[in-house]
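Below are the chains, spelled out letter by letter.
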Amino acid sequence: MKKLLTVIGTRPQFIKYAAISTRLRRNFREILVDTGQHYSKKMSSDFIKELNIPHPDYTIGVSSENVVSQIAEMIKGLYPVIERHKPDILLCFGDTNSALAAALSGLKYDIPVVHIEAGERNYDKNFKRVPAYTIPEEANRIAIDSFSAHLICSSRRAYKNLTEEKVTGSIFYSGDIMLDIYLKNFKEVLKRENVLNKYGLKSKQYYFVTIHRAINTDNMERMKAFYNVFKNLEKTVILPLHPRTLKKLRGFNLYNKFLTLKNLVLTEPVGYLDSLVLNYHAACVMTDSGGVIREAYFNGVPSVMLDDTSEWLDLYESNWSFIAGADEEAIMKKLEDLRVPDKKPDFFGDGKAGLKTVNYLKKC
Ligand code: UD1
Ligand code: UDP
């Protein structure tokens, strides 16, 4: 059996890994490393428990205030693991700093890198690409894709992007593992309507909102714009706060202002199933999260992207989602005219992405 080094470290990576972990372990001798990028219980260990994923063999504790030290510490922490286990292949997910550090380690220690969710690229609402250096996640993705040996794509658009970029690794379209794990949990989501009671919500009578991208959290004017939007809404808004957002709101002296809004339910980050339930019953989802926006689509719920660009352009192009940024007027207008498109194409495959990916990797 080949030896596989899998690197995770953030909330979305715990979730993506859960979609594929059992299959990986059936076919590879896996060493699992958690970089520790996300370290709060509600952002990390709670997901390991809820999703029943194997306990990481190694957890590298990294600092999180300085991005350069964070990435350097991850690479430094991966080195002894690689030296000790000499893996045949290295697996990373998505576009986070953990994925970048993992891929760079693979590159420098001559281990072929497999990149899951390769090839996604950011576009603005006029379908124009944006400079990679302006979006940390876009820069990470492009760097990782440029030297990965195997590029596993969640969407056909990603496959096309990579083909056009003439990347040198092998490109494989699997579909989205986020859809696999969503489908696996869907029955349970339907059973959990009582989650709404916990927050005093009624199905389709509220908006589910998440905000954590730097473009929003690090900009007081944008956070004020979201406050104004919430203030003007008749429906309730539920906003589970990412620790980054909480910290920034406090720093801007906005947190107490948010607390005064009668129609706003502020919570800590919620678990995966609760997040799916809140998403499923929402009248509309508003988010800058790549995962949450896809889940809204899986649920057939229209969404608004609180971001100026998106890598999930299919959702924008098909009118399932709208790129509104932090433009108060654009957000309000969209919410007043919410429509659910008739067609729901299979942008993200058939829910068997994990199986296809592992079958592909077995042959590498
Ligand atoms: C990271 C990813 C982003 C992803 C998001 C998922 C990068 C560049 N960004 O953003 O692509 O969408 O994770 O949620 O990798 N913090 C805590 N506890 C935690 C985690 C973070 O308090 O468990 C606070 C810290 O103050 C930290 C800040 O949040 O400095 C930002 O965390 P970081 O991991 O650097 O980036 P995210 O914003 O979480
Ligand atoms: N999520 C969660 N609890 C929350 C908010 C989000 O479990 O309070 C889940 C969500 O359902 C999705 C994933 O986290 O599966 C998305 O991760 P995140 O928004 O942190 O990162 P992104 O997808 O933007 O990289």
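Preceding this paragraph is the structure being described.
So, here is what we can say about the structure in this document. (Residues numbered from 1 in each chain as written. Chains lettered and ligands numbered in written order. Predicted model: local features only at pLDDT ≥ 70, side-chain atom pairs only at ≥ 80, totals over all residues. Heavy atoms only, no water.)

1. Overview of the pattern of salt bridges
- All told, the structure shown has 29 salt bridges when counted by the stated rule.
- D46 is the salt-bridge partner of K42, the closest N and O atoms lying 3.9 Å from each other.
- Connected via shared salt-bridge partners are D95, R121, R129, E138, R141, D145, E165 and E311. (Salt bridge = Lys/Arg side-chain N within 4 Å of Asp/Glu carboxyl O.)

2. A closer look at the site of ligand 2
- Near ligand 2, the surroundings consist of 18 residues, among which V270, S275, S289, G291 and E295 are the closest.
- Separating an oxygen atom of ligand 2 from a side-chain N or O atom of S275 is a distance of 2.6 Å.
- Separating an oxygen atom of ligand 2 from a side-chain N or O atom of E295 is a distance of 2.5 Å.
- About the coverage of ligand 2: the protein hides 97% of its 530 Å² of free accessible area.
- Residue assignment for the shell around ligand 2 shows that the elements contributing at least two residues are α1 (11-18), α14 (272-280) and α15 (290-299).
- With 4 residues, the single largest contributor to the shell around ligand 2 is α15.
- Across the shell around ligand 2, the residue classes tally to 9 nonpolar, 6 polar and 3 charged. (Near = heavy atom within 4 Å. Polar contact = N/O pair within 3.5 Å; in protein donor to acceptor, adjacent residues only side chain to side chain. Areas by Shrake-Rupley, 256 points an atom, 1.4 Å probe, with all protein chains shown as cover. Helix = DSSP H or I, 4+ residues; strand = E, 2+ residues; numbered from the N terminus. Nonpolar A, V, L, I, M, F, W, Y, C, P; charged D, E, K, R; others polar.)

3. A few points about the sheet that holds strand β11 (residues 264-267)
- A sheet is described by the order of its strands in space; here 6 strands give the open sequence β11-β10-β9-β12-β13-β15, paired in parallel fashion. Only two strands of the sheet have a single neighbouring strand rather than two, namely β11 and β15 (321-323). Each adjacent strand pair in this sheet contributes to an overall mean axis angle of 20°, direction not counted.
- Where strand β12 (residues 284-287) lies against strand β13 (residues 303-305), 3 bridges are found, and the strand directions are parallel. (Pairing = 2+ DSSP bridges. Axes fitted to C-alpha atoms, helices over the stretch in contact; angles between N-to-C directions.)

4. Regarding the pairing of strand β10 (residues 236-240)
- Most of β10 is tucked away, with 4 of its 5 residues classed as buried.
- Two strands pair when backbone bridges link them, and strand β9 (residues 206-210) and β10 are joined in this way by 3 bridges, in the parallel orientation. Each bridged residue has a counterpart across the sheet, and for Y206 the counterpart in β10 is T236. (Buried < 20%, exposed > 50% of the residue type's maximum accessible area, 1.4 Å probe, protein only.)

5. Quick notes on the nonpolar core
- L24 and L278 are the most contacted members of the largest nonpolar core, which totals 63 residues.
- Per element, the largest residue contribution to this core is 6 residues, and it comes from helix α8 (residues 177-191).
- When near neighbours in sequence (up to four residues on either side) are disregarded, L278 contacts V195, L196, Y199, L201, Y206, F208, I238 and V270.
- Membership of the second largest hydrophobic core comes to 30 residues, among which are L261, L264, L306 and A324. (Core = buried A, V, L, I, M, F, W, Y, C linked by side-chain atoms within 4.5 Å. Contact = heavy atoms within 4.5 Å.)

6. Let's talk about the pairing of β9
- Counted residue by residue, β9 has 5 buried out of 5 residues, so it is predominantly covered.
- Burial of β9 is two-sided: the residues Y206, F208 and T210 facing one way and the residues Y207 and V209 facing the other way are all buried.

7. Re the site of ligand 1
- Inspection of the region around ligand 1 gives 19 residues, with H38, S40, N97, E137 and R244 positioned closest.
- For ligand 1, an oxygen atom lies 2.8 Å from a polar atom in the side chain of H212.
- Between H242 and ligand 1, the recorded distance is 3.1 Å, taken from a side-chain N or O atom to an oxygen atom.
- Within the complex, 90% of the 740 Å² of free accessible area of ligand 1 lies under protein.

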